[in-house]
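# Chains, contacts and geometry: an overview
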Amino acid sequence: MTISKPVCKPLEVGFEIPLKDGERAQVRPISPADEAILLSAFEELSLETRAHRWLTPLSALPERMVYKLTHVDQHNHVAWGVAIPNGSGQRGIGVGRFVRLEDAPQKAEFALTVVDAYQGKRIGTFLLALLYRLAQHEGIATLRGIIAPDHRSMILWMKALGANVYHTPDGLVQADLSVETQPQLPNTRSAQRFGRIFDLIQAGDNVHPLQSHVAGLAQ
Ligand SMILES: CC(C)(COP(=O)(O)OP(=O)(O)OC[C@H]1O[C@@H](n2cnc3c(N)ncnc32)[C@H](O)[C@@H]1OP(=O)(O)O)[C@@H](O)C(=O)NCCC(=O)NCCS
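The following refers to the structure shown. (Residues numbered from 1 in each chain as written. Predicted model: local features only at pLDDT ≥ 70, side-chain atom pairs only at ≥ 80, totals over all residues.)

### Details of helix H1 (residues 35-43)
Within H1, burial applies to Ile37, Ala41 and Phe42. Along the axis of H1, the buried residues cluster in a sector spanning 140°; they form a single face. Structurally, H1 contributes buried residues whose contacts are with strand E4 (77-86) and strand E5 (89-101). (Buried ≥ 20, exposed ≤ 12 C-beta atoms within 10 Å, placed from the backbone. Helix = DSSP H or I, 4+ residues; strand = E, 2+ residues; numbered from the N terminus. Arc of directions from axis to C-beta. Contact = placed C-beta atoms within 7 Å.)

### A look at the nonpolar core
Counting 48 residues, the largest nonpolar core has Ile93, Ala129, Leu130, Leu131, Ala135 and Leu143 as the members making the most contacts within it. When residues in this core are grouped by element, the largest group, 10 residues, is from helix H4 (residues 123-137). Excluding residues that lie within four positions of it along the chain, Ala129 makes contacts with Phe194, Ile197, Phe198 and Ile201. (Core = buried A, V, L, I, M, F, W, Y, C linked by C-beta atoms within 7 Å.)

### Structural notes on the site of the ligand
Close to the ligand lie 24 residues, the nearest being His52, Gln119, Gly124, Thr125 and Ser153. At the level of elements, helix H2 (47-54), strand E6 (104-114), H4, strand E7 (142-147), helix H5 (152-160) and helix H6 (189-205) are the ones that each hand at least two residues to the shell around the ligand. If you tally residues by element for the shell around the ligand, the top one is H5, at 5 residues. Class assignment for the residues of the shell around the ligand results in 9 nonpolar, 11 polar and 4 charged. (Near = placed C-beta within 6 Å. Nonpolar A, V, L, I, M, F, W, Y, C, P; charged D, E, K, R; others polar.)

### Things to note about unusual backbone geometry
A positive phi is found at Leu55, a non-glycine position, where the angle reads about 65°. Relative to the helices and strands, Leu55 is located in the loop between H2 and helix H3 (63-70). The phi angle at Arg122 is positive, at roughly 75°, despite the residue not being glycine. Here Arg122 shows up in the loop between E6 and H4. For Arg122, a count of 21 C-beta atoms within 10 Å translates into the label buried.

### Section: the packing of H1 against H3
The interhelical angle for the contact between H1 and H3, taken along N-to-C directions, is 120°, at an axis separation of 10 Å. Our classification of the angle between H1 and H3 gives oblique. Remark: the crossing between H1 and H3 carries right-handed chirality. Between H1 and H3, the residues in contact are Glu35, Leu38 and Leu39 and Val66, Leu69 and Thr70, respectively. (Axes fitted to C-alpha atoms, helices over the stretch in contact; angles between N-to-C directions. Parallel < 35°, antiparallel > 145°, perpendicular 65-115°, else oblique. Left-handed = near helix turned anticlockwise from the far one by under 90°.)

Below, the structure written as structure tokens:
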């Protein structure tokens, strides 16, 4: 993995990441201008992916939800998207977000979504590592994922990253990932991969004038 071509400040502006097949994706903060991209991306999600993300197989994204998901303050509600070029515009292929809990401001609930056609290409890992880095900046001590009990791959992934995973009385699974100054990761392949990507994101912070082109995401 390499970091090259400094152009701008990654944690304010974004990253460019190469996907496995050489395609380049842009990772950047979500803004109100992303409503249409978000809606199109939602249409690309299978019912299973929707059920895993929203714990119910949503048939449509209500207007007020689109508004909420794109009008974020990047402090209590932090949201970043992954997009690839699509003609003169962009196609959204992934989103990572966390929302600070009102009654426990050092905790935040996170959610990841990658469109089905792009799952398994390490975009989810990149987004989670980025959320972790942003959570550090925001003073978040715990990132909590709420997971459907049948979502085995997510549960296994969270365990492999060292999250505290437990069942809740309402039949869901919660994964609490502790946010440390430097991630304390177990000795698993998933965690090593996460750690490598996290290091690249963190290294990007210190490049000036700041920007990272993160190569080798798939390694
Ligand atoms: C969960 C999700 C975000 C992962 O994104 P992704 O880009 O596919 O993930 P990655 O390629 O970075 O892989 C991350 C882990 O997910 C698991 N995974 C990814 N794709 C998988 C697949 N097709 N089958 C089984 N496991 C898979 C793997 O365990 C992998 O961990 P590894 O490091 O051990 O290989 C994505 O699959 C998704 O959007 N799912 C639907 C929504 C959802 O479940 N959100 C999470 C609720 S908070």
